[in-house]
Amino acid sequence: MIWVSWRQHRSQAITGLALLCALAVYGLVLGLQMRTSFSNNNLATCLAHSQGVSCPNAVGAFDNSFGSLVNIGFWSVLLLLPGLIGAAVGAPLIARELELGTWRLAWSQTVPRSRWLVVKLAVAAAGLTVLGAAMTLVITWYRAPMDRLTGHFVHNAYDYEGFVFTAYILFAFGLAVLAGALLRRSIPALLAALVPWVAVRIVVEFVLRPHFMAPLTFRQTCPHGCGGGGGNNIVNVPPSTGHIGNLLIKTLNNTGTTQVTSYQPASRYWAFQSIEAGIFVALTLIVLGATVWLVHRRAA
Amino acid sequence: MTHDDTGGSVPALRTTGLGKRYGRLWGLRDCSLSIPPGAIVGLVGSNGAGKTTLLEMIIGLRTPTDGQIEVLGHTAHANTAESLARVGYVAQDHPLYPDFSVADMFHLGQAMNPNWDMALARSRVEALDIVLERKIKTLSGGQRAQVSLAMALAKRAPLLVLDEPVASLDPVARLEFMREVMAQVAGGDLTVIIASHVVSELERFCDWLVVLTHGHVQLVGPVDGLLEEHQMLTVPRATPDADLPGIIIHRDDSDRHSSVLLRTSPATPAAQAHQGWHTETVSVEELVMAYLLRPIKAANSSNSARGAQPSGPITKVMSR
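Everything quoted here is computed from the prediction, not taken from an experiment. (Residues numbered from 1 in each chain as written. Chains lettered and ligands numbered in written order. Predicted model: local features only at pLDDT ≥ 70, side-chain atom pairs only at ≥ 80, totals over all residues.)

Novice: Summarise the overall build of chain A; cite the residues concerned and give the values.
Specialist: For chain A, the count of helices and strands is eleven helices and three strands. Buried residues in chain A amount to 39% of all 300 residues. Taking the contacts inside chain A whose residues are at least 6 apart along the sequence as the reference set, 75% of them involve residues at least 24 apart. (Helix = DSSP H or I, 4+ residues; strand = E, 2+ residues; numbered from the N terminus. Buried ≥ 20, exposed ≤ 12 C-beta atoms within 10 Å, placed from the backbone. Contact = placed C-beta atoms within 7 Å.)

Listed below in structure tokens is the structure:
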């Protein structure tokens, strides 16, 4: 059965590998450039003794040359990527069998269909986990210089490093498998799966994530006025406070000379990654469990 | 010979009071059959008659609402490995994975069936000059049908179910396909159920017949016995139904004469005594058509379980 699942997903596996190679090439080129620039500008020394305060020009220049490639590029291109990867594998898993009529073949062999489905789901999910982890490693490696300036708790980095990237892929996969079983068509299932996926992503990222743990606050006095308030890049986090890498949530109180900001400290990064990945993996299991039940019940 | 005469051995297939309900509608109801081992059964019915429902329950793709199925004496439980192993199945349009090679399909068969006979599968397609490395999508319809059949046979199940196996094939491919089936039956105890619209095909190959209409079994039995029990009678048009010596399955009135397909019992042998009556034997095609054309009311009032015996409730209904 494992061989059967592998054979059915072979071309998808090759596509996934090609995608990973493309990302690795992009990451290698950009990552090496960033590393060269990082050492040429002595950013490491600067960060080490003053957290970047004493060399704002170098920090600004680095951000200018790579910020848009690393961060903006991420938002526009990669935001949907885990969803598309998961849905592209999940949507045809059942729907293709129903489209081709091969469910009659698959389910009339000497393997009960629930076992057939569980093995297929396990093989595909394992493959996606490997792909997700590999992509995460590539992204984490090439982003490393930027992460030293901003930390990896910021949205741009957080969503593509750690555990959550893979968990997003798995959730899209689960949704698409269920959509395929319900809609019986691969392409509509793929599209239908992306809608709840994006919705859940947005709700978790903007509503739940800031409150996975009770936020901390810090108070800032700025005699010359505090300016625009909370943001989440290095320009808005005075490095002197030692808050690089913290996730800023909001400015609570801005009286002009004092500013109170709530934030999640950088040290909670892995706890947050685990909580969020746990949420998505749990949702994935629920959706896949519902699918297995649905397919089993089709016999009745 | 009656329909449940299986020569004392365990029937290859027995269904008792089998029924399947979809919501409030019955797709199949009160279906009782007993098929002896080695029979080649033609299953005929118009679209929506319940053929697919019956086949899917036999294969184990669907759970019956009522009744039960036994394959070689073992009660079938839908969707369990034990039951799935007993039935080989060639689905309509021969579904296979288009990007698999023939060898891949056989590898799948081996991975998914404990009794898989790889030598049989390979020899079947090699005999037909189908190259194992060919992708399924490059095969002709006839070749795909042969690969499907080879897979169903290599499963080594005692019961083989073919759903419209030749409907999509050209005449040569049809002949080749049926020749393969016959060759396999000749070699062992294989029992075959062929659902088909092509009645002429069934006439050539089947020795048993099941006719299904409106979710009920109308006719079941060995072809020879059924042909003996039925006759085509030409009578003057004025002859009332009640005078006819048997159950009227179909009556076709023309200007002066009526042709009537009658089911007679051995007790009422001859109609020759009557002046102007003319008796002929029936063909399988005429027999099947007569049952398919039977009005819903007459068809459903007959108890499907006793469909083959001209007795009991049928007689009462028909002889007004």
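Novice: Before we move on, could you go through the overall build of chain B and cite the residues and values that matter?
Specialist: Summing up its helical and strand segments, chain B has eleven helices and 14 strands in all. Counting only residues that meet the buried cut, chain B has 46% of its 320 residues in that class. A sequence separation of at least 24 residues applies to 70% of the contacts in chain B between residues at least 6 apart.

Novice: How would you sum up unusual backbone geometry? Please name residues and give values.
Specialist: Backbone geometry places L72 of chain B, a non-glycine residue, at a positive phi of 50°. When you line up the elements, L72 of chain B lands in the loop between strand 4 (66–71) and strand 5 (74–75).

Novice: Kindly report on the sheet that holds strand 1 (residues 13–22) of chain B, identifying the contributing residues and their values.
Specialist: All names here are of chain B. Pairing in this open sheet of four strands is antiparallel, and the strands run 2-1-4-5 from one edge to the other. At either margin of the open sheet sits one strand with a lone partner, and together these are strand 2 (25–35) and strand 5. Strand direction decides the pairing type here: strand 1 and strand 4, joined by five bridges, are antiparallel. Among the inter-strand pairings, T16 is bridged to a residue of strand 4, identified as Q68. (Pairing = 2+ DSSP bridges.)

Novice: Describe the interface of chain A and chain B, and please don't skip the residues or the numbers.
Specialist: Across the contact, 20 residues belong to chain A and 25 residues belong to chain B. Those elements giving two or more residues to the side of chain A that touches chain B turn out to be helix 1 (2–8) and helix 6 (103–106) of chain A. Residue contributions to the side of chain A that touches chain B peak at four residues, all from helix 1 of chain A. Among the residues making up the side of chain A that touches chain B, the classes are represented as ten nonpolar, seven polar and three charged. (Nonpolar A, V, L, I, M, F, W, Y, C, P; charged D, E, K, R; others polar.)

Novice: Just give me the short version of helix 11 (residues 269–297) of chain A, but keep the residues and values in it.
Specialist: Residue and element names in this part refer to chain A. With 29 residues, helix 11 should cover 42 Å at 1.5 Å per step; its first-to-last C-alpha distance of 42 Å lies within 8% of that length. Those residues of helix 11 that sit buried are Y269, F272, Q273, E276, F280, T284, V287, L288, T291 and V295. Of the surrounding secondary structure, the elements contacted by the buried residues of helix 11 are helix 5 (81–100), helix 7 (113–150), helix 9 (164–183), helix 10 (186–208) and strand 3 (258–264). (Expected span 1.5 Å × (residues − 1).)

Novice: Residues and numbers for the environment of M118 of chain B, please.
Specialist: Residue and element names in this part refer to chain B. Inspection of the secondary structure assignment puts M118 in helix 4 (residues 118–127). Given 12 C-beta atoms within a 10 Å radius, M118 is considered exposed. Here the alpha-carbon distance between M118 and V10, two residues 108 residues apart in the chain, equals 29 Å. Beyond its immediate chain neighbours, meaning those up to four positions away, M118 contacts F106, Q110 and A154.

Novice: Help me get a handle on the packing of helix 3 (residues 102–112) of chain B against helix 4 of chain B, residues and values and all.
Specialist: Residue and element names in this part refer to chain B. The interhelical angle for the contact between helix 3 and helix 4, taken along N-to-C directions, is 155°, at an axis separation of 10 Å. Taken together, helix 3 and helix 4 sit at an angle that is classed as roughly antiparallel. As helix 3 packs across helix 4, the resulting crossing turns out to be right-handed. Note on element contacts: helix 4 touches helix 3 through M118, A121, R122 and V125, opposite V102, F106, G109 and Q110. When grouped by side-chain class, the residues that make up the contact of helix 3 with helix 4 number five nonpolar, two polar and one charged. (Axes fitted to C-alpha atoms, helices over the stretch in contact; angles between N-to-C directions. Parallel < 35°, antiparallel > 145°, perpendicular 65-115°, else oblique. Left-handed = near helix turned anticlockwise from the far one by under 90°.)

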